Amino acid sequence: MIDSKNGIIGLAVGDAMGVPLEFCFREKLMANLTTEMLGYGSHNVPKGSWSDDTSMTLCLIDAINTTGKIVPKDVADNFVKWAENEEYTPCGKRFDIGRTCLQAIMNYERGVDPVDAGLDGELNNGNGSLMRILPLIYYCYSKNMNEEDIYYNVKDISSITHKHEISIMGCYIYVLFGIELLKKKNLAEAYNKIKKVDYSMFSKECISKYDRILKQNIEKYKLDDISSTGYVVATLEATLWTILTTDSFDSAIIKAINLGNDTDTVGACVGGLAGIYYGLENINKNWIMDLQKYDYIENLCNQFNLILN
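All figures in this text were calculated on a predicted structure; none of them were measured in a lab.

Participant: Residue-level account of the overall build of the protein chain, with values.
Facilitator: From N to C terminus, the protein chain includes 16 helices and 0 strands. Taking 19 Å as the expected radius of gyration for a compact globule of 309 residues, we find that the protein chain reaches 17 Å, a close match to that expectation. Considering only contacts in the protein chain between residues 6 or more positions apart, those separated by 24 or more positions represent 74%. In the form shown here, the protein chain has an accessible surface area of approximately 12300 Å², with 47% of it arising from carbon and sulfur atoms. A gap of 3 Å separates the mean positions of the 30 positive and 41 negative side-chain charges of the protein chain.

Participant: Got a sec to walk through the packing of aromatic side chains? Specific residues and values, please.
Facilitator: Under the definition given, this model contains 7 aromatic pairs. On the numbers, 6.5 Å between centres and 55° between planes, the contact of F249 with W287 is tilted. Of the two residues, F249 is situated in helix 13 (residues 249-257) and W287 in helix 15 (residues 285-290); the sequence distance between them amounts to 38 residues. Members of the aromatic cluster, joined through ring pairs, are Y151, Y152, Y172, Y199 and F202.

Participant: Any chance you could break down helix 6 (residues 134-142) for me, citing the residues and the numbers?
Facilitator: Counting along an α-helix, one turn takes 3.6 residues, and residues three or four places apart therefore face a common direction. Counting buried residues along helix 6, 7 of its 9 residues qualify, which places the element largely inside the surrounding structure. Turning to helix 6, its buried residues number three or more, namely L134, P135, L136, I137, Y138, Y139 and C140. In this structure, the buried residues of helix 6 make contact with helix 1 (5-18), helix 3 (52-67), helix 7 (147-159), helix 8 (165-182), helix 14 (263-278) and helix 16 (294-308). N144 sits one or two positions beyond helix 6 and adopts a positive phi of about 55°.

Participant: Can you tell me about the pattern of salt bridges, naming the residues and giving the values?
Facilitator: Under the defined criterion, the tally for this structure stands at 8 salt bridges. Of the charged contacts, one joins K193 and E147 as a salt bridge, the two residues approaching to 3.6 Å between their closest N and O atoms. Note that K193 is positioned in helix 9 (residues 187-195) and E147 in helix 7, a separation of 46 residues in sequence. What makes K193 partly exposed here is its relative accessible area of 32%. For E147, a relative accessible area of 29% corresponds to the partly exposed category. One network of salt bridges, with partners in common, ties together E180, K183 and K185.

Participant: Please provide a residue-by-residue account of unusual backbone geometry, values included.
Facilitator: Positive phi is not limited to glycine here, since Y88 has a value of about 60°. Examined against the element boundaries, Y88 turns out to sit in the loop between helix 4 (72-85) and helix 5 (99-109).

Participant: Give a description of the packing of helix 4 against helix 5 that names residues and reports values.
Facilitator: Interhelical geometry of helix 4 versus helix 5 gives an angle of 115° and a closest axis separation of 10 Å. One way to sum up the angle between helix 4 and helix 5 is to call them roughly perpendicular. Classified by chirality, the crossing of helix 5 by helix 4 is left-handed. Of helix 5, the residues touching helix 4 (which contributes K73, A76, D77, F79, V80, W82, A83 and E84) are I105, Y108 and E109. Residue composition of the contact of helix 4 with helix 5, by class: 7 nonpolar, no polar and 4 charged.

Participant: Provide a residue-level description of the side chain of D53, including the pertinent values.
Facilitator: Here D53 shows up in helix 3. There is no salt bridge for the buried D53, and the closest opposite charge comes from R132, which lies 9.5 Å off by N-O distance. There is a polar contact of 2.7 Å between the side chain of D53 and the side chain of S51. Each residue touching D53, except ones within four places of it in the same chain, is listed here: L11, D15, M131, R132, D264, T265 and A268.

Participant: Could you give an account of the side chain of S228, with specific residues and numbers?
Facilitator: Structurally, S228 is set in the loop between helix 11 (211-214) and helix 12 (232-244). Exposure remark for S228: the relative accessible area of 4% places this residue in the buried category. A polar atom in the side chain of S228 sits 3.5 Å from the side chain of R26. When residues no more than four places from it in sequence are discounted, the contact partners of S228 are R26, L259, G260, N261, D262 and V266.

Participant: Explain the state of the cysteines to me, using residue names and the numbers behind them.
Facilitator: Counted under the stated rule, the structure contains 0 disulfides. With no disulfide of its own, C101 has C59 as its nearest cysteine by sulfur position, at a separation of 10 Å. Residue class for C101 comes out buried when judged on its relative accessible area of 3%.

Cut-offs and rules
- Residues numbered from 1 in each chain as written.
- Predicted model: local features only at pLDDT ≥ 70, side-chain atom pairs only at ≥ 80, totals over all residues.
- Heavy atoms only, no water.
- Helix = DSSP H or I, 4+ residues; strand = E, 2+ residues; numbered from the N terminus.
- Rg over C-alpha atoms; globule rule 2.2 N^0.38 Å.
- Contact = heavy atoms within 4.5 Å.
- Areas by Shrake-Rupley, 256 points an atom, 1.4 Å probe, with all protein chains shown as cover.
- Lys, Arg positive; Asp, Glu negative; His and termini not counted.
- Charge placed at Lys NZ, Arg CZ, Asp CG, Glu CD.
- Phe/Tyr/Trp six-rings, centres within 6.5 Å; stacked < 30°, edge-to-face > 60°.
- Buried < 20%, exposed > 50% of the residue type's maximum accessible area, 1.4 Å probe, protein only.
- Salt bridge = Lys/Arg side-chain N within 4 Å of Asp/Glu carboxyl O.
- Axes fitted to C-alpha atoms, helices over the stretch in contact; angles between N-to-C directions.
- Parallel < 35°, antiparallel > 145°, perpendicular 65-115°, else oblique.
- Left-handed = near helix turned anticlockwise from the far one by under 90°.
- Nonpolar A, V, L, I, M, F, W, Y, C, P; charged D, E, K, R; others polar.
- Polar contact = N/O pair within 3.5 Å; in protein donor to acceptor, adjacent residues only side chain to side chain.
- Disulfide = S-S within 2.5 Å.

Here you go:
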């Protein structure tokens, strides 16, 4: 049985652990590692509050729950509910939204088709679609999709906000890696698999952005070689480097959030994959207890599971 709670709760926990540390310098964090859920740090929100990463992930899940299918318009409608009405938030307040996501949602509200609403400039390759793509790991796996079908679904959902091929490719790699984990492959096997995939639907220039992941061994890089900015390539590198160089959910999250900078998104992306791999039972119980609206997230996941199984 597929249980989406593993990855979704993992993502929310990693997100909430990173929220208070967002924009902090790595050197400061490394000198005094954060190992517990905090509140009222970088954002004036209570302990356990998750950000736009989890909110937009829940928007995607709820859209799939409505029809049992991936319908970009349903997803975009939920993004509007979140951005305008502050639904899908931990405390009834939206405190974080990326500029690219905001502009894309405004494009959609003006009548642009949802899969054309996303920004497609070279400079619009933040991690705003990568951070919320996790539900497609479960959905594509449950439908036994081939790589081509996975690609087109990832492309459509990323393009609602991030339409450039660099963002789409980052999401595609992340989803394929996660699917391998659902197949019960170990981390090394999952990593080797994504290196062998045919990425010819992307330009050579785009593919080259991911050379450190696909042609090198990202886990061999040193801490100082890993960036944790909001650039989608950097976020994916940090995510894979973290999960490949740790051996538990807790150690992966602690390593991720103490990288500094875009801590909530790196925490979320690591948490999603680590949750799939290690399982809900191996997520720190205190962190789960501190998570805002756990029952709400669990309920959406339980509905999602009915579609997956």
